[in-house]
Amino acid sequence: MENESFEPKIVAFVCNWCTYAGADLTGTSRIKYATNVRIIRFPCTGRIDYNLILKAFERGADGVIVSGCHPNDCHYTSGNFHARRRWIVFRGLLEYMGIDPRRIIFSWVSAAEGAKWADVVNRAVTEVRQLGPAKEFNEMRKSQAFEFRSV
Amino acid sequence: MSRIGVFVCHCGENIAATVDCEKVAKTCAKIPGVVYSVDYKYMCSDPGQNLIREAIKEKKLTGVVVAACSPRMHEPTFRRACAEAGLNPYLCEMANIREQCSWVHPKSKATTQKAIDIISTLVAKVKRNRALFPIQVPVTKTALVIGGGIAGIQAALDIANSGHKVVLVEREPSIGGHMAQLSETFPTLDCSQCILTPRMVEVAQHPNITLYSYSEVESLSGFIGNFTARIRKKAKSIDEKLCTGCGECMNACPIKKNPSEFNMGLGTRPAIYIPFPQAIPNKPVIDRERCTYFRTGKCRFCETKCPAQAIRFDQKDELIDIQVGAVVVATGFNVVGTSFFPEYGYGKYKDVITGLQFERLLSASGPTLGELKRPSDGSTPKKIAFIACAGSRDPAKGIEYCSKICCMYTAKHAMLYKHKVPDGDAYVFYMDIRAGGKGYDEFVRRAIEEDHVNYIRGRVSRIYERNGKLIVCGADTLLGAEPVEIEADMVVLATAGIANQGAEELAQSLHISYDHHQFFAEAHPKLRPVETNTAGIFLAGACQSPKDIPDSVSQASAAASKVSTLFSQKELTREPVVAVINRTAPPVYSTCVGCFMCQSACPFNAIEREEIRTRDGKLIKTVARVNPGLCQGCGTCVALCRSKSIDLQGFSNEQVYAEVTELFA
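Every chain is numbered on its own, with residues counted from 1 as its sequence reads. Chain A is the first chain written and ligand 1 is the first ligand written, with later ones labelled in order. The model is predicted, so local features are restricted to residues of pLDDT at least 70 and side-chain atom pairs to those at 80 or more, both for listing and for counting; the totals for chains, interfaces and linings are taken over all residues.

Q: Can you help me understand the overall build of chain A in this one?
A: Assigned secondary structure in chain A consists of five helices and four strands. Put simply, DSSP H or I for four residues or longer makes a helix, DSSP E for two residues or longer makes a strand, and each gets a number counted from the N terminus. For chain A, the α and β elements follow one another from N to C terminus as β-α-β-α-β-α-β-α-α. For the radius of gyration, the atom set is restricted to C-alpha positions; the globular benchmark scales as 2.2 Å times the number of residues to the power 0.38. Relative to a compact globule of 151 residues, whose C-alpha radius of gyration would be 15 Å, chain A shows 16 Å and is just as compact. Dimensions of chain A along its principal axes, counting C-alpha atoms only, are 45 × 35 × 25 Å. Split into buried and exposed, the 151 residues of chain A put 50% on the buried side. We call two residues in contact when their backbone-placed C-beta atoms lie within 7 Å. If you take every contact in chain A between residues at least 6 apart in sequence, the share linking residues at least 24 apart comes to 84%. To sort residues by exposure, count the other C-beta atoms lying within 10 Å of each residue's C-beta; 20 or more gives buried, 12 or fewer gives exposed, and values between give partly exposed, all with C-beta atoms placed from the backbone.

Q: Help me understand the overall build of chain B in this model?
A: Across its full length, chain B carries 18 helices and 34 strands. In terms of principal-axis extent, the alpha carbons of chain B reach across some 90 × 75 × 40 Å. Expressed as a percentage of the 665 residues in chain B, the buried residues total 49%. Of the contacts made within chain B by residues no fewer than 6 positions apart, 69% connect residues no fewer than 24 positions apart.

Q: Looking at this structure, I do not really get the confidence of the model for chain B. What am I missing?
A: When pLDDT drops low, the exact placement of atoms in the prediction is not to be read closely. The predictor rates its confidence in each residue with pLDDT, a number between 0 and 100. Mean pLDDT over chain B stands at 93; residues scoring 70 or higher make up 100%. This complex was scored by the predictor with a pTM of 0.74 and an ipTM of 0.92.

Q: Just checking my understanding: could you explain the packing of helix α1 (residues 19-28) of chain A against helix α4 (residues 114-131) of chain A for this structure?
A: The geometry of a pair of packed helices is captured by two quantities: the angle between their axes and the separation between those axes. Residue and element names in this part refer to chain A. For helices, the axis comes from a line fit to the C-alpha atoms of the stretch in contact; other axes are also lines fit to C-alpha atoms, and the angle between any two N-to-C directions lies between 0 and 180 degrees. One way to put it is that α1 packs onto α4 with a least axis distance of 7 Å and a crossing angle of 95°. By the criterion of interaxial angle, the relationship of α1 to α4 is roughly perpendicular. Touching T19, G22, A23, L25 and T26 of α1 are G114, K116, W117 and A118, all from α4. By the convention adopted, Pro, Cys, Tyr, Trp, Phe, Met, Ile, Leu, Val and Ala count as nonpolar, Lys, Arg, Asp and Glu as charged, and the other residues, Gly among them, as polar. Partitioning the contact of α1 with α4 into residue classes produces four nonpolar, four polar and one charged. The scheme is simple: roughly parallel for angles under 35 degrees, roughly antiparallel for over 145, roughly perpendicular for 65 to 115, oblique for anything else.

Q: Just checking my understanding: could you explain the packing of helix α6 (residues 150-161) of chain B against helix α7 (residues 192-205) of chain B for this structure?
A: Residues and elements named next belong to chain B. Interaxial distance between α6 and α7 falls to 10 Å at its minimum, and their mutual angle equals 50°. Taken together, the axes of α6 and α7 lie oblique to each other. By crossing handedness, the relation of α6 to α7 is classed as left-handed. Of α7, the residues touching α6 (which contributes I150, I153, A156 and L157) are L196, R199, M200, E202 and V203. Of the residues assigned to the contact of α6 with α7, the class counts are seven nonpolar, no polar and two charged. Left-handed describes a crossing whose near helix is turned anticlockwise from the far helix through less than a right angle; right-handed describes the clockwise counterpart.

Q: Sorry if this is basic, but what is going on with helix α14 (residues 503-510) of chain B here?
A: Counting along an α-helix, one turn takes 3.6 residues, and residues three or four places apart therefore face a common direction. Residues and elements named next belong to chain B. Of the positions making up α14, those classed as buried are A503, L506, A507 and L510. All buried residues of α14 fall inside an arc of 100° around its axis, so they share one side. On the buried face of α14, the contacting elements are β11 (215-223), β18 (326-329), β28 (497-499) and β29 (537-539). Once α14 finishes, H511 follows within two positions and takes phi at roughly 60°, a positive value. The directions from the helix axis to the C-beta atoms form the arc being described.

Q: Please clarify how the sheet that holds strand β26 (residues 482-488) of chain B should be interpreted in this entry.
A: Adjacent strands of a sheet form backbone hydrogen bonds with each other and so pair up, either parallel or antiparallel. Residue and element names in this part refer to chain B. In this description, strands pair whenever DSSP reports at least two bridges between them. Taken together, the three strands give an open sheet; going across it, the order is β24-β25-β26, and neighbouring strands pair in antiparallel fashion. Taken across any chain shown, the strands that pair with only one partner, and hence form the sheet edges, are β24 (460-466) and β26. Each adjacent strand pair in this sheet contributes to an overall mean axis angle of 25°, direction not counted. Across seven bridges, the pairing between strand β25 (residues 469-476) and β26 is antiparallel. By the bridge assignment for β26, I471 is matched with E487.

Q: What is the right way to read the interface of chain A and chain B from this model?
A: Reports often express the size of an interface as the amount of accessible area lost when the parts come together. Taken together, the contact between chain A and chain B spans 37 residues of the former and 37 residues of the latter. Breaking the side of chain A that touches chain B down by element, the ones donating at least two residues are α1, β2 (37-42), α2 (50-59) and α3 (79-97) of chain A. Sort the elements by how many residues they give to the side of chain A that touches chain B and α1(A) lands first, with six residues. Each residue belonging to the side of chain A that touches chain B can be placed in one class, and the counts come to 16 nonpolar, eleven polar and ten charged.

Q: What exactly am I supposed to notice about the nonpolar core here?
A: Generally speaking, soluble globular proteins have nonpolar side chains that are buried together. We define a nonpolar core as a collection of buried residues of the types Ala, Val, Leu, Ile, Met, Phe, Trp, Tyr and Cys that are connected via C-beta atoms lying within 7 Å of each other. A155(B), A156(B), V327(B), V328(B), F386(B) and V491(B) are the most contacted members of the largest nonpolar core, which has 139 residues in total. Considering each element in turn, this core owes the most residues, nine residues, to helix α12 (residues 406-420) of chain B. Filtering out sequence-adjacent residues up to four positions away, F386(B) remains in contact with T410(B), H413(B), A414(B), A426(B), Y427(B), V428(B), V492(B) and A494(B). C44(A), V6(B), V66(B) and C92(B) belong to the second-largest nonpolar core, a separate cluster that totals 115 residues.

Q: I keep staring at the sheet that holds strand β3 (residues 63-68) of chain A and nothing clicks. Help me out?
A: All names here are of chain A. The four strands lie next to each other as β2-β1-β3-β4, forming an open sheet whose pairing is parallel. If you trace the sheet from one side to the other, it starts and ends with β2 and β4 (104-108), each paired once. Going from strand to strand, the sheet's axes swing by 20° on average, the running direction of each strand aside. The sheet contact formed by strand β1 (residues 10-15) and β3 spans five bridges and is parallel. Directly across from V11, in β3, lies its bridge partner V64. Seen against the sheet, α4 touches β1, β2, β3 and β4 and runs at an angle of roughly 155° to β3.

Q: In this structure, what is going on with the environment of I463(B)? I would like to understand it.
A: Residues and elements named next belong to chain B. Assignment of secondary structure puts I463 in strand β24. On the basis of neighbour counts, which here come to 25 C-beta atoms within 10 Å, the residue I463 falls in the buried class. I463 sits ten residues away from C473 along the chain, and the two C-alpha atoms are 6.2 Å apart. When residues no more than four places from it in sequence are discounted, the contact partners of I463 are Y344, G345, V352, L470, I471, V472 and V491.

Q: How do you make sense of the domain arrangement of chain B when you look at a structure like this?
A: Where each domain starts and ends comes from a domain assignment, either automatic or drawn from a database. If you check the domain split of chain B, you get domain 1 (4-126), domain 2 (142-234 + 317-332 + 500-567), domain 3 (248-305), domain 4 (334-498) and domain 5 (579-648). Distance between the C-alpha centres of domain 2 of chain B and domain 5 of chain B: 38 Å.

Q: How do you make sense of the pairing of β4(A) when you look at a structure like this?
A: The side chains of a regular strand alternate, residue by residue, between the two faces of the sheet. All names here are of chain A. Counted residue by residue, β4 has four buried out of five residues, so it is predominantly covered. When β3 meets β4, the two strands line up parallel, connected through five bridges. Paired with G68 across the strands is W108, a residue of β4.

Q: Sorry, what's going on with unusual backbone geometry here?
A: Comment: phi is negative for the bulk of residues other than glycine, and the bulk of peptide bonds are trans. The amide bond that connects F186(B) to the next residue, P187(B), takes the cis arrangement and shows omega of -5°. By the element assignment, P187(B) lies in the loop between β8 (184-185) and β9 (190-191). Going from I280(B) to P281(B), the amide bond is cis rather than trans, its omega being -5°. Positive phi outside glycine occurs at R30(A), with the angle close to 55°.

Q: When you look at helix α1 (residues 21-28) of chain B in this model, what are you seeing that I'm missing?
A: Residue and element names in this part refer to chain B. Among the residues of α1, those classed as buried are C21, V24, A25, T27 and C28. In a view along the axis of α1, the buried residues occupy a sector of 165°, so they form one face of it. Looking at the buried positions of α1, the neighbouring elements they touch are β1 (4-9), β2 (34-40) and α5 (109-126).

Q: How do you make sense of the environment of P76(B) when you look at a structure like this?
A: Tracing the backbone through its elements, the reader meets P76(B) in helix α3 (residues 71-84). Separated by 13 residues in sequence, P76(B) and P89(B) place their C-alpha atoms 8.8 Å apart.

Structure representation (structure tokens):
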């Protein structure tokens, strides 16, 4: 397949209390995973503005991981529920825009799930690699009558 | 113009083994805005920190990025170092190139590149950091202790003795908990009530302790130092001020055959009752589900007999709001019920009982006044079998953990049985004997060697009745798994300790985490064993995991000392990572349009309404305002705000967008 040598660029938006700590645990347990992911830390998945996901695609990301605490385990009680609810609405918007929703990987990784984090990353890399480079946003940009202003 | 310093740590070989730190430092020096970039073997060491302090002064840095381990590890260290050099600590960020880079990838160009990328996003962020200042909040120096068992009693007394007010809330009509039900305690065999009841009296008489018995905590809001607890004081149907505790009402009550909770169903009590003679408070309550008057509207016998005229049938539940600064949760445990052991016939055969029921049979204040009589016919059992690990360490039953206390109390039961019935035979079926603790193993050996209790290593598969005897079928695994059959008169199950009923609901209303067995979770299993993940809420006793009395008491004292430490401060300092609503010059005043979507999303009720008025009091507009004392900084409101009028300090829109943009620059 043509995509096999393609190294996707993936950004992970994670919460500080569960997934960021879980990713730290992956490190302390010395579990290896693909280098394609760059983690950006947020206090809570509830803080993640989904415009940021669009911004990431606009800037050239091929995939986005959003990961936080398991339901009921949110450090702030309900931030992850807000994130989940927003994701359901946002997914519809993405499909309407023509961005493949499979490019966004939503998962719960707790502070104790170091191995799961490695798994989430590796799976994301494999899946996004199969999807190929994310061209949708730029093609959409070309087809629009106006230019997106680059920040 | 920003002047950023980048400090790349080798962490010995931990980072340098897979990341080319020198190259990272050189590349980062070329990032616009970076005026100083250096690598060093151990950045967290004193010379390493000095390097940062000196650079801040010499190069007049306006921001610092330390590329090293996780910020969860050393962020406080480096922020302190920056503060010492005169730089606001919130202008320092950490790039995690160890846990999330060097440790998870092999040595390669890609790994080094990832480290550079991580640092450059943090440089982009730190350029937009603002100086922040910690928030000071006052502390209400009153503690709430939930649960009046031995753990709650100990915690309440310790806090009260250190000079602070305590509110103790107990669900049952009396404090004392499970310890009050025990006959004797291992490994010294001193009488449980003799050591517990003086403590209970002390609680009742302590000037710093307010006791709410027959009450439950309904909800808890607020944050460390400033909680508001709502307590439901269930209607006792008596006027506590008038009641003298004489007991005439209990004699008058015609409904006497109610199973006594205190005696684990082995004895009876009237519908108006005091759970046990030494109860604190020693005043009765009416069980409205059993009382004839509440069921049929007729009776009121107790009312006619009460010399103090203290009976109040029309009493209602009372809701009380109290302000507290810290909470100790000590709600205890329970044991698994009848449906759990169909193969042992618990609930079907009267003489198959639980350990707690056996305690009541042994107890001098129990239903048999300390004489060992079996529940079915009142005869003295001549042969008795104890089954340890009844339910515990049994994944098939869903309880894979060890209940910890059973080995010891089973040895105690067998020993006490032999003391009461010297010519009787005691058999103990066990998986392993776990007798770790001071004097514990000696105690078990005493049961075996001096009191001649027969220990059989093997599990019991079935118990059935034959000619009035209970046939206990097991195997002796130390004799080649030879089948063993014992014709017992009575069987005692060392049932698994489980989370108390209502534990899950309580955890949710307190916002503390719990495990899949509904035991409350500590913040760290080793280093923060009595704290919860919610600041200001502490754990004590068996609500965290099954525990014996010495462990519960030491944990309670530990929780109490944590509370006293908290109360020793005048004000608490909180991280300034909170949301703020923008304010701007007239005629706009704030871009907030007052939709208050944020208010409904905020888990902490931190968003208030603020009216902007002219000098002569005319209302211009109503906008949201964040109470910085309540805000915990989750940022849910920020993502939700339609006009982008709220921002989160430390994770502002400007900062996070810059990070994303920089990543793919």
